[in-house]
Amino acid sequence: DHRDLHSFPTRRSSDLRQENEVMVYALIDSQSDTSFIDKSIPNSWDKEFKTAKLEISTVTTQKQVVDCMSLPDLYVRGLYSDEPITIPQTYSQDTIPGKREHIPTPATAKRWKHLHELENKLSPMQDCDIGLLIGYNCPAASFPLNSLKSTPQEPYGLETPLGWMVVGGDRKSTRLNSSHVKRS
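Report on the accompanying structure.

Calculation criteria
Residues numbered from 1 in each chain as written. Predicted model: local features only at pLDDT ≥ 70, side-chain atom pairs only at ≥ 80, totals over all residues. Heavy atoms only, no water. Core = buried A, V, L, I, M, F, W, Y, C linked by side-chain atoms within 4.5 Å. Buried < 20%, exposed > 50% of the residue type's maximum accessible area, 1.4 Å probe, protein only. Helix = DSSP H or I, 4+ residues; strand = E, 2+ residues; numbered from the N terminus. Contact = heavy atoms within 4.5 Å. Salt bridge = Lys/Arg side-chain N within 4 Å of Asp/Glu carboxyl O. Pairing = 2+ DSSP bridges. Axes fitted to C-alpha atoms, helices over the stretch in contact; angles between N-to-C directions.

The next subject is the nonpolar core. Leu74, Val76, Ile87, Leu132, Ile134 and Leu162 are the most contacted members of the largest nonpolar core, which totals 16 residues. Elements supplying a minimum of two residues to this core: β2 (22-28), β5 (64-78), β6 (85-93) and β7 (130-134). Setting aside residues no more than four positions away along its own chain, Ile87 makes contact with Ser35, Pro72, Asp73, Leu74, Val76, Leu132, Ile134, Asn137 and Cys138. Of all hydrophobic cores here, the second largest spans 14 residues; its members include Tyr25, Ile56, Tyr91 and Ile130.

This is the structure:
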């Protein structure tokens, strides 16, 4: 059972004022050279967006051109952090692919002895959407601060400026085997 556990609850805004922040889950995608935001989110901001055409290649589609909105300088911060990170360029997409059941919570850490110390560092499930995919155009978001190592067959913990994430498959799941691959 593959689980994409590179997700965090984050607060994002189009400026640095905390009263303008909206909570969303952000996915870190080390294979995407671009960052994306759910298209419904920019519509709520009083900020000038530019229309853009973006060429996207995925596992199933090569060089597909899509219409989108371009947003420079999106600010994000981790749920438990006061330090904002600037994503230099973000593009809107119809949806940000992800599954809520793949979001790590304290219960995720509890299932693995070597991750127990993360139980108080991972957020309980938040009432917000998966609305942001951060690509490697923003290396500050995935910069490793600390890690909790495991065996090569088990997930491990990784702390970034956005918070702790759990990386790797969850083989202790009782669900049926399935695969989920994100388009980016």
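Back to the write-up after that little detour.
Inspection of every chain in the model, using the stated rule, returns 3 salt bridges. Close ionic contact of Asp94 with Lys39 constitutes a salt bridge, the shortest N to O distance being 3.3 Å. Of this pair, Asp94 sits in the loop between β6 and α1 (106-110) while Lys39 sits in the loop between β3 (35-38) and β4 (50-56), placing them 55 residues apart in sequence. Here Asp94 falls in the exposed class, since its relative accessible area comes to 55%. Judged by relative accessible area, Lys39 falls into the partly exposed class, the value being 45%. Lys53 serves as the salt-bridge partner of Asp67, at 2.5 Å between the closest nitrogen and oxygen. A residue pair is termed long-range when its members are at least 10 positions apart, and Asp67 in strand β5 and Lys53 in strand β4 qualify at 14 residues. Here Asp67 falls in the exposed class, since its relative accessible area comes to 60%. We classify Lys53 as exposed; its relative accessible area is 61%.

Next up on the list: the pairing of β6. As defined by bridge partners, β3 adjoins β6 across 4 bridges and the pair is classed as parallel. If you follow Ser35 over to β6, its bridge partner there is Thr90. Direction of pairing for β5 relative to β6: antiparallel, over a ladder of 6 bridges. Opposite Tyr75, over in β6, you have Thr86 as the bridge partner. Hairpin connection from β5 to β6: 6 residues lie between these consecutive antiparallel strands.

Once that is clear, we can look at the environment of Gly98. Here Gly98 lies in the loop between β6 and α1. For Gly98, a relative accessible area of 34% corresponds to the partly exposed category. Separated by 71 residues in sequence, Gly98 and Leu27 have C-alpha atoms that sit 8.0 Å apart.

Right, let's talk about the sheet that holds strand β8 (residues 146-148) for a bit. One open sheet accounts for 3 strands, arranged β8-β9-β10; its pairing is antiparallel. Looking at which strands have only one partner, the edges of the open sheet turn out to be β8 and β10 (163-167). Put simply, the sheet's adjacent strands are angled 20° from each other on average, direction ignored. Relative to β10, strand β9 (residues 156-160) is paired through 5 bridges, and the arrangement is antiparallel. Bridging across to β10, Gly157 finds its partner in Val166.

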